[in-house]
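Tertiary structure, described
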Amino acid sequence: MSVKTPIYLDNAATTPCDPRVVEAMLPYFTNDFGNPGSRNHVFGWNAEAGVDKAREQVAALLGASDKEIIFTSGATESNNLAIKGVAYMYEKAPAGSTGRGHIITSTIEHKAVLDPCKRLAKEGFEVTFLEPPKDGVITAAQVKAALRPDTILVTLMWANNEIGTINEIPEIGALCHEKGIVFHTDATQWVGKMPTNVERDNVDLLSFSGHKLYGPKGVGVLYVRRKKPRVRLVALQDGGGQERNMRSGTLNVPGIVGLGKACELAMQEMDRDGERLLKLRKKIEQAVTSRLDYCQVNGHADKRLPHLTNISFGFVEGEGLMMAMKDVCVSSGSACTSASLEPSYVLKGLGVGDELAHSSLRLSMGKSTTEAEVDYSIERIVSAVQKLRVLSPLYDMHKEGIDLSKIEWAHH
Amino acid sequence: MAYGPKIIDHYENPRNVGNFGTQAETKTRKDIGVGLVGAPECGDVMQLQIKVDQATGKIADAKFKCFGCGSAIASSSLATEWLKGKTLDEGMAIRNTDLVQELSLPPVKIHCSVLAEDAIKAAIADYKTKNGMEVEDHDHDHDHQPAATR
């Protein structure tokens, strides 16, 4: 069966907008262009009605109340607002002093969580960065062991963006509630893919963005719990007091309407998509690991997202590999694909050796991914790895029986 | 990263891939010089082997293998092409900037050309050492792009 190339297997980076989402958005650029803050005329009311509907659609997907939904520009802003907003609200000592409170996070969070935590550490808060075990899953037991009397916030991602592993979020949430500690989760890779209920799952604050679930870019959500317990935040930007004073700035009405529609569609379709994609993911993993030697699927065998897999291929380099299969669009933990020249800190955090971290690919499918595309991609990956292993001095040396870790490499 | 046509050509049709024997075999061969540079954890390892015609003192053949990105593969492929037919001194005169210019390497990939120059020098030095010739100091006079242009 022929397939149309290029094939997009990078849905964890971003997804296309669903045409139904675009359709829902369009009137809000032209006819219903009003500012929802305009309380005294019909243009404002129409825009506000669009936003209100979206708020309900988002709340329904999360099992929350519409009053608990704050619209932002994306998950990065939501994470910043949650983490810094909580830290400044619940601080134990004022700015300029030390001992302002303890925060728990992990080493494999997205930069949009790590960097706010690092900033707070410079400002007098203390931060514990939990290190995941080899399977990548942060457990409630790990969090429990790190808790202190002055812990004010635990912030852990629901599912990891590079390897798709799923942390013990409901259990960690229960622990935090028992101890009266605020619990935030960056659920950017989770929401819209997996069932979410902030009551059942004991979440106080939850971030995600529209463009990972077939909505538009530039719009995101922060869920802020209002009851049991009521969570308060210090706003990070001053202005018109929109979004219950937590996020000033005129609302991105078309974006919000699109995000709402995307949430409604996800609620209807995610179970079916998830089941189908899990089969395809298993097919990729099974095919690649059975046809190629020296490769491994990274992260826990089962506690992973259905649509995403991260595979390391020994003795080949990730960017070179992507170039050899350029009609299959994926991403890599390789340094060469980033400006930093550092291999993935997430894979390093799992204890994957540097050389395997350089040789890893992340394949993330979406709801439009077909089995024919997956079959084609498997062939391209296998032949690309084989091609590059013919070129690889490391593969030769390994087959010759040389222990690569015993060689004194010249480091640049 | 979008690459120029010469990098893509060398990447897709790499010249002179291979070796003149295993690590153990080439160690004992006096007509072969081996340069192995880079490190797996840095994401780049190049192996360059030269075969010297001991009557003429010229490089009769060159082979490479490379673990690395497209630019690293292209740089080492081009290096083998250039080395063939050159004397050892001419080989030593190849500069990383020559490779950068020929392949139009983007600034973030300059280090790939540096590695290729290192591999050339290491292979020639290995040959000289095996044959009791004097090895000049390996000076690190690579021409990097100034940081501001990166």
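Here, the structure is the one placed above.
A short tour of the structure in this document, coming up. (Residues numbered from 1 in each chain as written. Chains lettered and ligands numbered in written order. Predicted model: local features only at pLDDT ≥ 70, side-chain atom pairs only at ≥ 80, totals over all residues. Heavy atoms only, no water.)

1. Describing the overall build of chain B
- For chain B, the count of helices and strands is 6 helices and 3 strands.
- For chain B, the sequential pattern of α-helices and β-strands runs α-α-β-β-β-α-α-α-α.
- Its C-alpha radius of gyration of 15 Å places chain B within 12% of the 15 Å reference for a compact globule of 150 residues.
- With the principal axes as the frame, chain B shows a C-alpha extent of 45 × 30 × 30 Å.
- Per-residue burial over chain B gives 51% buried out of 150 residues.
- Counting only contacts in chain B whose residues sit at least 6 apart along the sequence, the fraction spanning at least 24 positions is 62%. (Helix = DSSP H or I, 4+ residues; strand = E, 2+ residues; numbered from the N terminus. Rg over C-alpha atoms; globule rule 2.2 N^0.38 Å. Buried < 20%, exposed > 50% of the residue type's maximum accessible area, 1.4 Å probe, protein only. Contact = heavy atoms within 4.5 Å.)

2. Quick look at the sheet that holds strand E13 (residues 360-364) of chain A
All names here are of chain A.
- A sheet is described by the order of its strands in space; here 4 strands give the open sequence E9-E10-E13-E12, paired in antiparallel fashion. Either end of the sheet is taken by a strand with one partner, and the two such strands are strand E9 (295-297) and strand E12 (331-332).
- In this sheet, strand E10 (residues 308-313) lies alongside E9 in antiparallel orientation, the contact comprising 3 bridges. Paired with Gln 296 across the strands is Ser 312, a residue of E10.
- Packed on one face of the sheet, helix H7 (residues 253-291) meets E9, E10 and E13 and runs near 10° to E10. (Pairing = 2+ DSSP bridges. Axes fitted to C-alpha atoms, helices over the stretch in contact; angles between N-to-C directions.)

3. Observations concerning the pattern of salt bridges
Residues and elements named next belong to chain A.
- Considering all chains together, one arrives at 35 salt bridges over all chains under this definition.
- Put simply, Asp 327 and Arg 380 hold a salt bridge, and the shortest N to O gap is 3.0 Å. Separated by 53 residues along the polypeptide, Asp 327 in the loop between helix H8 (318-324) and strand E11 (328-329) and Arg 380 in helix H11 (residues 371-391) bring together distant segments of the chain.
- One salt-bridge network, held together by shared partners, links Asp 18, Arg 20, Glu 269 and Lys 367. (Salt bridge = Lys/Arg side-chain N within 4 Å of Asp/Glu carboxyl O.)

4. Quick notes on the interface of chain A and chain B
- On the chain B side, the residues contacting the 30 residues of chain A number 33 residues.
- Here chain A meets chain B over a buried area of about 2600 Å², counting both sides, of which 65% is carbon and sulfur.
- Here chain A is connected to chain B by 3 salt bridges.
- Note that Lys 109 of chain B and Glu 319 of chain A form a salt bridge whose closest N and O atoms lie 3.1 Å from each other.
- Viewed at the interface, chain B and chain A are joined by 14 residue pairs in polar contact (both at pLDDT 80 or more).
- Sorting the residues of the side of chain A that touches chain B by element identifies H8, helix H10 (354-357), H11 and helix H12 (393-399) of chain A as the ones contributing at least two each. (Buried area = accessible area lost by both parts, 1.4 Å probe. Polar contact = N/O pair within 3.5 Å; in protein donor to acceptor, adjacent residues only side chain to side chain.)

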